[in-house]
Each structure stands twice: as C-alpha cells, then as structure tokens.
Amino acid sequence: MTLTRRTLLASAMLLAFSATTFATSSAFAAKPLVMGFSQVGAESEWRTANTVSIKDAAKKDGVTLKFADAQQKQENQVKALRSFIAQKVDVIAFSPVVESGWDTVLREAKAAKIPVILTDRAVNVADKSLYVTFIGSDFVEEGRRAGQWLLEHAKKTPDATLNIVELQGTVGSAPAIDRKEGFQEVIGKNPKLKIIRSQTGDFTRAKGKEVMEAFLKAEGKKINVLYAHNDDMAIGAIQAIEEAGMKPGKDIIIISIDGVKGAFEAMIAGKLNVTVECSPLLGPQLMSIARDVVAGKPVPARITTVEGVFPAEVAAKEFPNRKY
Ligand code: GYE
C-alpha cells in the first residue's frame, strides 16, 4: 500500500514537473544564456567603463551574468574560471590580467566543453583552439599611433634630443607589452628620441604619480616627454609634475592611451597633449558573439575594435561626444 501510494505520488510529481517544464519552455522560447565573466579589476577609468558596458549589455540582452572581479591578480582569475566550470555556465568570457600561464585552466574549460571568449586582452598559449575568439583593440597599433604623434611633434625641433620617460602598464599584460613595442618601433626611426627611464605604474593613478615622482627626482628637467600606457597613469603623473613646480603639457609633453573623459578634461586644461583611443565599450559585441558561439555558429577568430587619435586641439569639440 505504502509502495503504491509512493509510486502514485512520484508519478504525480513527475507529471507536475513536466507540466512546469513545458510551461516554462513555451513561455520563454530560449533559456537564458549563462555567462561567467572574469574581469581584471577596477584599476582605471577604462576598466570601470568596460565593466559597465558588459553588465548593461548582459541585462539588455537577457544574459545571466556571473561577474567576478580579480583585483588585478591572476590567481583570482584562475579561481573564478574554475568556479564557472564547476557551475557549468554556457560560456566563459574573460579579460586576462597577464598574457601567460593560462594553458591548464583553459584546457579544463575545453574538457568541460565550455567555450571561452577573450575580451580586451590576449593570452599567450600555443594551442589556439583553447579559446574561440578574441574581441579587443590592437595594442601594438595604439603604441605606433602614440609614437607617430611624437615623430610629428619632434619635427618642430629637429635639432633637439627629446628625453622620454615611459610609464608602463601592468607587467606581463598584453597592453603593456604591445604598447611598448609599437611605440618603440616608430620612435626608433628618429635617433633623437630616447627613452631614458621606463617603469610600471600598474595602470593606476596612484602608481603613475609615485613612479613619476621618482623619475623627476632622478632626471628632473632633463625629461622632455612622458609616454604613459594609459590615461590614469598620465593623470597621476600630471599631479607629480605640478607638485614639482613644472607645467604638464608644456615643460613636459604628455602622450597617453585610452581616451577617457578624464584625459579630455586634462587636454582642455592644457595639461595633456594627446590621447590615443582604446574603446572599452565591448559589451554589446561580446553578448552577440557569445550567442553565436553557443548556437554553434562560426565566428571570426579575431575581432578588432575601431579607434582614433585625439590631440589636445580637438578635445573641447570632441568632449560632448565621449561615451566613457
Ligand atoms: O588601457 C587600461 C586598463 O586592457 C586596454 O587596461 C586595457 C587597459 C587600459 O587598466 O586603462
């Protein structure tokens, strides 16, 4: 008797369950896509805008986003990726803080049949099948554009040697490696352009200021140009230059990358000479590519963001159009 009742109850539950399943699937034709996203951190204005873009696009697109902030630490990102794998998300996207050291965890994702999309920064792995695509900027080209601006600027004083100090991004990160390389490639054409100091400022304002203070202490008025791998470090350095009694943008020419609003404000104030654009607004593209990937549609292996260069002369006019 008990057994029969139990069986009956079980079948009733099963029926109820399938009815619910059916109701759910007919009401929402597609089940929401679940994405695990591991973000680098919150180190810069760029990053904040990137996070907002991703969260907003997920919401708009009906994507369930599991978002993890790695606070600029690779070990936190590896942990986040492993937790996404354990949760069996539909797709993993991440912006890798540094380029190397991803083989093992990416192999784990592949074994679990979870596709991986890289956004913003690249990884250095031998097996390219460990991720489906990479959406982001061409950082080498950004470095070249920064160098090109300086080559042109140097034409105004053809006999002068220009001593450059460089604030690098996070050690081992794709943008730091590539922006250095692209810049060096172009300024190498003019032997009067010399990098006299180069150190990391970890992409933050605080570090940018601190390292610029050290550069000023060591080299003082010898410094003619600052090349910062992002706007935040340039903005931190501007403070250091002012505190040292010099005029940023005049006594020291300043070139940086990103094109965030803070950089436009600094250009309008005459304290920054040029910013090379790097767009953080990757969210909408990421969501649409993720849908294609999960649906098994072919996607390009590399999707490059389209960007420009903004010298101080156009800053006031461009400012109202800036979205980040
Ligand atoms: O330039 C910098 C941020 O990876 C492109 O990271 C990104 C860089 C960006 O912290 O501001």
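The structure presented is a predicted model; accordingly, all values stated were derived computationally and were not measured. (Residues numbered from 1 in each chain as written. Predicted model: local features only at pLDDT ≥ 70, side-chain atom pairs only at ≥ 80, totals over all residues. Heavy atoms only, no water.)

1. Quick look at the overall build of the chain
On a plain count of helices and strands, the chain comes out with 11 helices and 12 strands. Taken over the C-alpha atoms alone, the chain extends approximately 100 × 40 × 35 Å along its principal axes. In the chain, which comprises 324 residues, the share counted as buried stands at 49%. A fraction of 74% describes how many contacts in the chain between residues 6 or more apart in sequence connect residues 24 or more apart. For the chain, the exposed surface amounts to about 15600 Å²; the carbon and sulfur share of it is 58%. (Helix = DSSP H or I, 4+ residues; strand = E, 2+ residues; numbered from the N terminus. Buried < 20%, exposed > 50% of the residue type's maximum accessible area, 1.4 Å probe, protein only. Contact = heavy atoms within 4.5 Å. Areas by Shrake-Rupley, 256 points an atom, 1.4 Å probe, with all protein chains shown as cover.)

2. Looking at the sheet that holds strand β4 (residues 116-119)
With parallel pairing, six strands are arranged side by side in an open sheet as β2-β1-β3-β4-β5-β11. Where the open sheet ends on each side, the last strands, each with one partner, are β2 (64-69) and β11 (302-304). Strand-to-strand twist in this sheet, taken as the mean axis angle between neighbours without regard to direction, amounts to 15°. Relative to β4, strand β3 (residues 91-94) runs parallel, the two sharing three bridges. In the sheet register, A93 faces β4, and the bridge partner there is I117. In this fold helix α2 (residues 45-61) packs onto β1 (34-39) and β2, with an angle of close to 160° to the strand it touches most, β2. Its contacts with the sheet put helix α10 (residues 283-294) on β1, β3, β4, β5 (133-136) and β11, and the angle it makes with β4 is roughly 160°. (Pairing = 2+ DSSP bridges. Axes fitted to C-alpha atoms, helices over the stretch in contact; angles between N-to-C directions.)

3. Things to note about the packing of helix α3 (residues 74-86) against helix α4 (residues 103-111)
For the pair α3 and α4, the least separation of the axes is 10 Å and the interaxial angle reads 10°. As far as their axial angle goes, α4 and α3 are roughly parallel. Contacts between α3 and α4 involve V78, L81, R82 and I85 on the former and, on the latter, T104, V105, E108 and A109. For the contact of α3 with α4, the per-class residue count stands at five nonpolar, one polar and two charged. (Parallel < 35°, antiparallel > 145°, perpendicular 65-115°, else oblique. Nonpolar A, V, L, I, M, F, W, Y, C, P; charged D, E, K, R; others polar.)

4. Regarding the pairing of β3
Alternating residues of β3 divide into V91 and A93 and I92 and F94, and every residue in both groups is buried. For β1 and β3, the ladder comprises four bridges, and the chain directions are parallel. Its bridge partner being in β3, M35 is matched across the sheet by V91. Regarding topology, α4 serves as the crossover connection from β3 to the parallel β4, and that connection is right-handed. (Right-handed = clockwise from strand over helix to strand, strands pointing away.)

5. Regarding the UniProt feature "domain: Periplasmic binding protein" (unreviewed entry) in the chain
Residues annotated in UniProt with the feature "domain: Periplasmic binding protein" (unreviewed entry) correspond here to residues 36-297. Structurally, residues 36-297 is divided into 45% helix and 19% strand, and its ends, taken at the C-alpha atoms, are 20 Å apart. (UniProt positions renumbered as here; feature names shortened; annotations may be inferred.)

6. Structural notes on the packing of aromatic side chains
Under the counting rule described, the total for this entry stands at four aromatic pairs. Consider the rings of F94 and W102, whose centres lie 4.9 Å apart with planes at 65°: the pair is edge-to-face. For the residue pair F94 and W102, the accessibility class agrees, reading buried in each case. Its end group placed over the ring of F67, K55 keeps NZ or CZ at 4.4 Å from the ring centre. (Phe/Tyr/Trp six-rings, centres within 6.5 Å; stacked < 30°, edge-to-face > 60°. Lys NZ or Arg CZ within 6 Å of the ring centre and 35° of its normal.)

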